[in-house]
Amino acid sequence: MKTKPISAAGIVVRVALALALVLLTYNPSGQSHLHWALADFKAFDAARAFAGALLLGAWVFTIRTTMVSMGTLGIVLLGLVLGTLVWLLFDIGAIKANAPHLLVWIVLIVVGVILGVGLSWSALRQRLTGQVEAN
């Protein structure tokens, strides 16, 4: 079966969705599922549980897809590349370490980008090499 090649817009959408998943689950602004669900544990209700179940399902799907497409080595290598990029940005002064939650935001964004690339990787590899992944 011939599949439609992935576009740059398709990759951007996947990365944006992965970032949304990460930041909806937790972020230091206080506007996340974790903050909402645990703010008043006595008020924990079906809506909070349902939202948590949806997020958990999305996490399982995203992590599984990333693991299948990139493998542990690919994830570690991409993490290394992004981590050293962040380090370089700190070194050249493009990022200042004086913001209170900056490092947390950076880590969350890096995780989102890794997951987004993982969602795109099989299609990218197929486009670049012609190899189709069957799992």
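Residues numbered from 1 in each chain as written. Predicted model: local features only at pLDDT ≥ 70, side-chain atom pairs only at ≥ 80, totals over all residues. Heavy atoms only, no water.

Caption draft 1: Representation of the nonpolar core in the model. M70, I75, L78, L82, V86, I95, I106, V110, I114 and V117 form the largest nonpolar core, which has 10 residues in total. Secondary structure elements with two or more residues in this core: α3 (46–91) and α4 (102–129). For this core, the element with the highest residue contribution is α3, accounting for five residues. Sequence-distant contacts of V86, that is, excluding residues within four places in its chain, are made with I106 and V110. The next biggest cluster of nonpolar side chains, apart from the first, holds five residues, and it includes A18, L108, L115 and L119. (Core = buried A, V, L, I, M, F, W, Y, C linked by side-chain atoms within 4.5 Å. Buried < 20%, exposed > 50% of the residue type's maximum accessible area, 1.4 Å probe, protein only. Helix = DSSP H or I, 4+ residues; strand = E, 2+ residues; numbered from the N terminus. Contact = heavy atoms within 4.5 Å.)

Caption draft 2: Molecular detail of the confidence of the model for the chain. In this model, the chain carries an average pLDDT of 90, and 93% of its residues clear a pLDDT of 70 or more. Mean pLDDT per element in the chain: α4 is the minimum at 90, and α3 is the maximum at 96. (pLDDT = per-residue confidence, 0-100.)

Caption draft 3: Spotlight on the side chain of S32. With respect to the element layout, S32 can be found in the loop between α1 (8–25) and α2 (33–38). Given the relative accessible area of 8%, S32 is considered buried. For S32, the residues in contact, after removing those within four places along its chain, are L23, L24, T25, Y26 and N27.

Caption draft 4: Representation of the side chain of S120 within the structure. Along the chain, S120 falls in helix α4. When sequence neighbours within four positions are dropped, the list of residues in contact with S120 reads I6, I11 and R14.

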